[in-house]
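If you want the building blocks of each chain, they are given just below.
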Amino acid sequence: MIPAMGAFVGRADELEILHGFVAGVVGGVGGVVLVSGEQGVGKSALLAEGLAQGRQDGCRIVWGQGEELASRLPLALMTDCLGEDARLALADADGGSVTVLRGDLVLAGVERLLALVDQWCADGPVVVVAEDLQWADEASLLVWERLARATQQLPLLVAGSWRPAADGTDVAGLVRRVRLLGGSVMELEPLPADDVATLAAGLLGGRPGPQLARVLSQAGGNPLYVRELADTLMRDGLVVLAGQTAELAAGTGAVQVPSSLTAAIGERLAALPAQAAQVLQWAAVLGAEFSVTDLAVVTGVPASDLTGALSAAAEGGVLVPAGPRLAFRHGLIRQVLYERLPQAVREALHAQAAQALAGGGAAPERVAAQLAAASAECQEWAREWLVQALPVLTYRAPQVTAGLLRRILADLPPADPRLELLQAALVTVARLLVANEELERVARPLLARTADADRAAEVAWQLSYTLQRTGRPAEALTVAQRALDRPGINPVWRARLRAQLALHYVGTAQWDSVIPAAEEALADAEGAGDRVAAGHALHVLAMMASKRRDIPTGLGYLDRALAVIGDDPQATDLRLLLLANRISGLSDLDRMADVDSTLGEALSLAERAGTPRLLLICVTAARCGFQTGRWDEALTVLETVAELPGSDYMLDLLHGLSAMVAGHRDDRQAAARHLAAVTDGDFGSTNTRLNAHVLLRARALAAEQAGGPGESVRVLARCLDPDMTADMHDRYVLLPQLARAAQAAGDAATAAAAAKAAGEEAELAQLPVCAAAAQWCQGLAERDPEPVLAAAGYYESAGRPVDQAQSLEDAAWLLAERGRVPAARRAFLTAAELYLKLGAAWDLQRAEARLHGYGIRRHKSQRRIRPQHGWEALTATEARIACLVADGRSNPEIAEALFLSRNTVQTHVSHILAKLGARSRTEIVRQALEHGTTGMAAT
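Every value quoted in this text rests on a predicted model; they were computed, and no experiment measured them.

Trainee: Sorry if this is basic, but what is going on with the overall build of the protein chain here?
Mentor: When helices and strands are tallied, the protein chain shows 48 helices and 11 strands. Within the span of the protein chain, comprising 939 residues, buried residues form 57% of the whole. Taking as baseline every contact in the protein chain between residues at least 6 positions apart, the subset at least 24 positions apart corresponds to 69%. Summed over its atoms, the accessible surface of the protein chain is roughly 37,100 Å², and 52% of this surface lies on carbon and sulfur atoms. Averaging the positions of the 87 positive and the 109 negative side-chain charges in the protein chain gives two centres separated by 4 Å.

Trainee: I tried to follow the confidence of the model for the protein chain on my own but got confused; where do I start?
Mentor: Close inspection of predicted coordinates is inappropriate in any region flagged by low pLDDT. Residues of the protein chain with pLDDT of at least 70 account for 94%, and the chain-wide mean is 87. Taken as a whole, residues 95–103 scores under 50 in pLDDT and shows 30 contacts with residues more than four places along the chain or in a different chain.

Trainee: Just to check I follow, could you spell out the sheet that holds strand 9 (residues 289–290) for this structure?
Mentor: Each strand in a sheet pairs with its neighbour through backbone hydrogen bonds, running either in the same direction (parallel) or in the opposite one (antiparallel). Taken together, 3 strands build an open sheet; the order of strands is 9-11-10 and the sheet is antiparallel. Edge positions in the sheet fall to strand 9 and strand 10 (319–322), since each has one partner strand and no second. Here strand 9 pairs with strand 11 (residues 325–328) via 2 bridges, running antiparallel. Counted as the bridge partner of Glu289 is Ala327 from strand 11.

Trainee: Help me out: how do you make sense of empty space enclosed by the protein in this one?
Mentor: Leftover empty space is mapped by rolling, across the atoms, a probe with the size of a water molecule. Following the criterion strictly, the structure yields 5 cavities of 30 Å³ or more and no others. As a volume, the largest cavity reaches approximately 110 Å³. What lines the largest cavity is simply His664, Arg697, Ala700, Leu701, Glu704, Ser712, Leu716, Gln737, Arg740, Gln806, Asp843 and Arg846. When residues of the lining of the largest cavity are traced back to their parent elements, those giving at least two are helix 35 (692–707), helix 36 (709–716), helix 38 (735–744) and helix 44 (841–852). When residues in the lining of the largest cavity are grouped by element, the largest group, 4 residues, is from helix 35.

Trainee: Please explain the packing of helix 13 (residues 292–299) against helix 16 (residues 343–359) as it appears in this structure.
Mentor: The contact between helix 13 and helix 16 brings their axes to 8 Å, and the two run at 115°. Judged by the inter-axis angle, helix 13 sits roughly perpendicular to helix 16. The two elements helix 13 and helix 16 cross, and the hand of that crossing is right-handed. Where helix 13 abuts helix 16, its residues Asp294, Val297 and Val298 lie against Ala353, Ala356 and Leu357.

Trainee: Any chance you could explain the pattern of salt bridges here in plain terms?
Mentor: Pairs can form between side chains of opposite charge whenever their charged atoms are close. Using the criterion set out here, one finds 51 salt bridges in the structure. One salt bridge connects Arg858 with Glu848, and the closest N-O pair in it is separated by 2.6 Å. Of this pair, Arg858 sits in the loop between helix 44 and helix 45 (876–886) while Glu848 sits in helix 44, placing them 10 residues apart in sequence. Residue class for Glu848 comes out partly exposed when judged on its relative accessible area of 22%.

Trainee: Which parts of the structure should I look at to understand the environment of Arg549?
Mentor: When you line up the elements, Arg549 lands in the loop between helix 26 (531–547) and helix 27 (551–565). What makes Arg549 buried here is its relative accessible area of 7%. Expressed as a C-alpha distance, the spacing of Arg549 and Arg857, which sit 308 residues apart in the sequence, is 41 Å. In this structure, Arg549 is in contact with Thr725, Ala726, Met728, His729, Glu761, Leu764 and Ala765, ignoring residues within four places of it in sequence. Engagement of the side chain of Arg549 in a polar contact is seen with the backbone oxygen of Lys547, the distance being 3.0 Å.

Trainee: Just to check I follow, could you spell out the environment of Ile617 for this structure?
Mentor: Mapped onto the elements, Ile617 comes out in helix 30 (residues 613–627). Expressed as a C-alpha distance, the spacing of Ile617 and Ala606, which sit 11 residues apart in the sequence, is 7.7 Å.

Trainee: I would appreciate a short explanation of helix 40 (residues 768–782) in the present structure.
Mentor: An α-helix turns once every 3.6 residues. As a result, residues three or four positions apart point the same way. With 15 residues, helix 40 should cover 21 Å at 1.5 Å per step; its first-to-last C-alpha distance of 21 Å lies within 8% of that length. What helix 40 keeps buried is the set Val769, Cys770, Ala772, Ala773, Ala774, Trp776, Cys777, Gly779 and Leu780. Looking at the buried side of helix 40, the elements it contacts are helix 28 (572–588), helix 38, helix 39 (748–765), helix 41 (785–798) and helix 42 (801–817).

Trainee: How should I be thinking about the sheet that holds strand 6 (residues 207–208) in this particular structure?
Mentor: Ordered by their spatial adjacency, 3 strands build an open sheet running 6-8-7, and the pairing between neighbours is mixed. If you trace the sheet from one side to the other, it starts and ends with strand 6 and strand 7 (239–242), each paired once. Judged from the 4 bridges that link them, strand 7 and strand 8 (residues 245–248) form a sheet pairing that is antiparallel. Within strand 8, the position partnered with Val239 by the bridge is Leu248.

Trainee: Quick question: what am I supposed to make of the packing of aromatic side chains here?
Mentor: When we look at a pair of aromatic rings, we describe it by the centre distance and by the angle of the planes. Tallying each qualifying case throughout the model produces 5 aromatic pairs. With a centroid separation of 5.2 Å and 5° between ring planes, the pair formed by Phe626 and Trp631 is classed as stacked. Of the two residues, Phe626 and Trp631, both sit in the buried class. Between Trp776 and Tyr795, the ring centres sit 5.7 Å apart and the planes meet at 70°, which makes this aromatic pair edge-to-face.

Trainee: Whenever I open this one, the pairing of strand 1 (residues 31–36) confuses me. Can you help?
Mentor: Within a regular strand, the side chains alternate between the two sheet faces. Along strand 1, 6 of the 6 residues are buried, which leaves the element largely enclosed by surrounding structure. Across the two faces of strand 1 the burial is the same, with Gly31, Val33 and Val35 and Val32, Leu34 and Ser36 all buried. Two elements, strand 1 and strand 4 (residues 156–162), share 6 bridges in a ladder whose sense is parallel. Along strand 4, the bridge assignment pairs Ser36 with Trp162.

Trainee: Please explain the nonpolar core as it appears in this structure.
Mentor: Nonpolar side chains tend to gather and get buried jointly when the protein is soluble and globular. Membership of the largest hydrophobic core comes to 249 residues, with the highest contact counts inside it found for Leu295, Val318, Leu319, Phe328 and Trp385. The element contributing the most residues to this core is helix 43 (residues 821–838), with 11 residues. Setting aside its immediate chain neighbours within four residues, Val318 contacts Arg268, Leu269, Leu272, Leu280, Ala313, Ala327, Phe328, Arg329 and Ile333.

About the thresholds
Residues numbered from 1 in each chain as written. Predicted model: local features only at pLDDT ≥ 70, side-chain atom pairs only at ≥ 80, totals over all residues. Heavy atoms only, no water. Helix = DSSP H or I, 4+ residues; strand = E, 2+ residues; numbered from the N terminus. Buried < 20%, exposed > 50% of the residue type's maximum accessible area, 1.4 Å probe, protein only. Contact = heavy atoms within 4.5 Å. Areas by Shrake-Rupley, 256 points an atom, 1.4 Å probe, with all protein chains shown as cover. Lys, Arg positive; Asp, Glu negative; His and termini not counted. Charge placed at Lys NZ, Arg CZ, Asp CG, Glu CD. pLDDT = per-residue confidence, 0-100. Pairing = 2+ DSSP bridges. 1 Å grid on protein atoms, 1.4 Å probe; cavity = no way out; pocket = protein on both sides within 12 Å on 5 of 7 lines; lining within 4 Å. Points joined across faces, edges and corners; volume = space filled by probe spheres on them. Axes fitted to C-alpha atoms, helices over the stretch in contact; angles between N-to-C directions. Parallel < 35°, antiparallel > 145°, perpendicular 65-115°, else oblique. Left-handed = near helix turned anticlockwise from the far one by under 90°. Salt bridge = Lys/Arg side-chain N within 4 Å of Asp/Glu carboxyl O. Polar contact = N/O pair within 3.5 Å; in protein donor to acceptor, adjacent residues only side chain to side chain. Expected span 1.5 Å × (residues − 1). Phe/Tyr/Trp six-rings, centres within 6.5 Å; stacked < 30°, edge-to-face > 60°. Core = buried A, V, L, I, M, F, W, Y, C linked by side-chain atoms within 4.5 Å.

What follows is the structure in structure tokens.
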């Protein structure tokens, strides 16, 4: 609701800043502004006055207000702010069945709201105002901050207000982040006396005389307090006009000024008819805004009979229209009404309101918000209502649901037949909230007590999933096995538990048991007609094929699993795992066109589902980007997800990839920072060993830079350790690096060992890329350039420029060593050109040092690395995105066209703006036109 604007006085400096922001967003330049101040100081009025011009200039302006009652409902504030389009977007996120295997509906909702604003910005400038951020729910704060970041590259102005006196720790953090974004933080002070006089003159019809001015000064410069005092004095007939002056009436004694703004509002409320006051108390229970329909439901009074009371409240300056609803003119008015009620009465009214709303068919989250504010003991109707609402409420408002479940379970008799159902629901909610300790505390005794085999199976599935996720696969296996030993399990849950059991065998390295368990799970799943269990079983079989280095067979299992699960919303999480593994397999086969299309599908699904698997997909994308030489794109993807929560091994991969790029570019400080952030330095878990090649390569590079090739050999020798190699599927990547470092360190034995290991990998995997690595190692061990040149030829055909450049560098060194200087020079110059394109400053320095003694140097034309600023500084992907921006595409549309995530595109656009020295997308369009590149984005 955009607040109604009365006469506005003062705040000239603040208004100038806001007018500047409006002019900027109309011109395509975004901005962020945060206004803070005490209640009644004029935050809403300032924003309404300062942003009003935006509507006349064609801005879409949306406005919302936080309130305490909704502060635990996910996305309540931003849904209110963004309006009907937001409600439709969230309804889409909530479509389909809700089960424990879906993505996070709250995160999915966050992404949909961000995409919605992105689309709006493609049509014109947008202003988003969220007031009373101290009452914002956590998800809404996340959306507000993400929108604030987006202002750096969208025609978007994001504004907010908050009250510092409230307990708003998170909002206080926003103040710091807004300043870091270059936004404006306005801390409103009381109005000076001249402005108070001007404000009063507008209210009273004349400028205050000396006596009246002294009375009004007791408002302390608070505009709302001044209005309340002026209105009270006028209502009591204590003000007279003489020309252009308003003064206290003759004979007026000492005026009893209300002691506070709260007291002044109390006097306003006291002047209302009794019926209006009673109705308003019910309205205050409903919140800052309410519908007449809801008010009629909770009061039990027909809407037609409420008209008189509501009209009196509107005439008394208490209520104002808010679209199809009504709202309190100021949040403090509602607060005064609400706090006048004794706590016990408030809680009873909330309980009554909840029951009435539930009976009227209100949305479950609205009923839950009222119940959460009610008394500690839930009545019988509330227990029964919650049982019915759980399938939806669990996912829409997990925090509120958890609180209600805890309250009900605390008072529920042990013999109540709903006890186990509600405990199982709390297990599900705890999993969604990642409350691992609570999940275990509730699940273990429930499993020990329940006689319901299906309930035990579902709870065991969630408990074993959590145990596996928290690094306790042996415990997870025990839980799943015990559940399977129960008689009478539904065939669907039996199949799912068997598939999970197979996965736990992987986690506990019981390799002989994995395939039989997975095949049995697959047979059970097919018999039960359960696509989810079948998909999980096929996933495990694919993992085992990958362990055998049988990539084609593994891809066959993955493709079969993807076909089996289809678009089943129950299998969203599994689908993302399958897609990530498919990307890795396709990458090993150098089927890069298929990699890009699969990545696009995975990124789009991960964002839509709001799943933490987005981190996995983006890290997988970055690994492919490193391999294919798209290092800037890889870093952009990693930057996009750097703040997302995730498992330790995924975060280690993120830091390892970032450290690798930094090391190759000779940014040793950045590489050291990333390596210091790694959690599992000794590769203690199976997952870290599976991905160890990334960290080992990054550490070896840092070791070589610090201490020479011998130190690099010491790090890379881990890939010859049998305890490591059993789980290290991509060991072939490291072996040429080890052979090169060993030869440079004069360690011929280690170079030969690396060549032997590479030959074994090639024999086992039967992949062209492994055969090329074996050739490369063979040539280094035998000091023969021909196999290395053959490997370089494969890498060129496969689109692996990093490996191509490094193998050509080694070939040049071996050719020069044999006196074949012209051939060595050709190989070196090609390698140098590739290093320049990659920005691999360290590799270039190393190559020059190795070849310098043979008189081989770069051409003068090769001295220049890509500039840091200007159009020529853009990477190939950035240039394509810039052209799509110039064609008028929104970020979601660009993401779909280029197989990227929307957030990644947004980060790319920010980089483009920085490189071009631009402030808006309009300037990108101008520069694209200057370079004649519009309309070429799809080529």
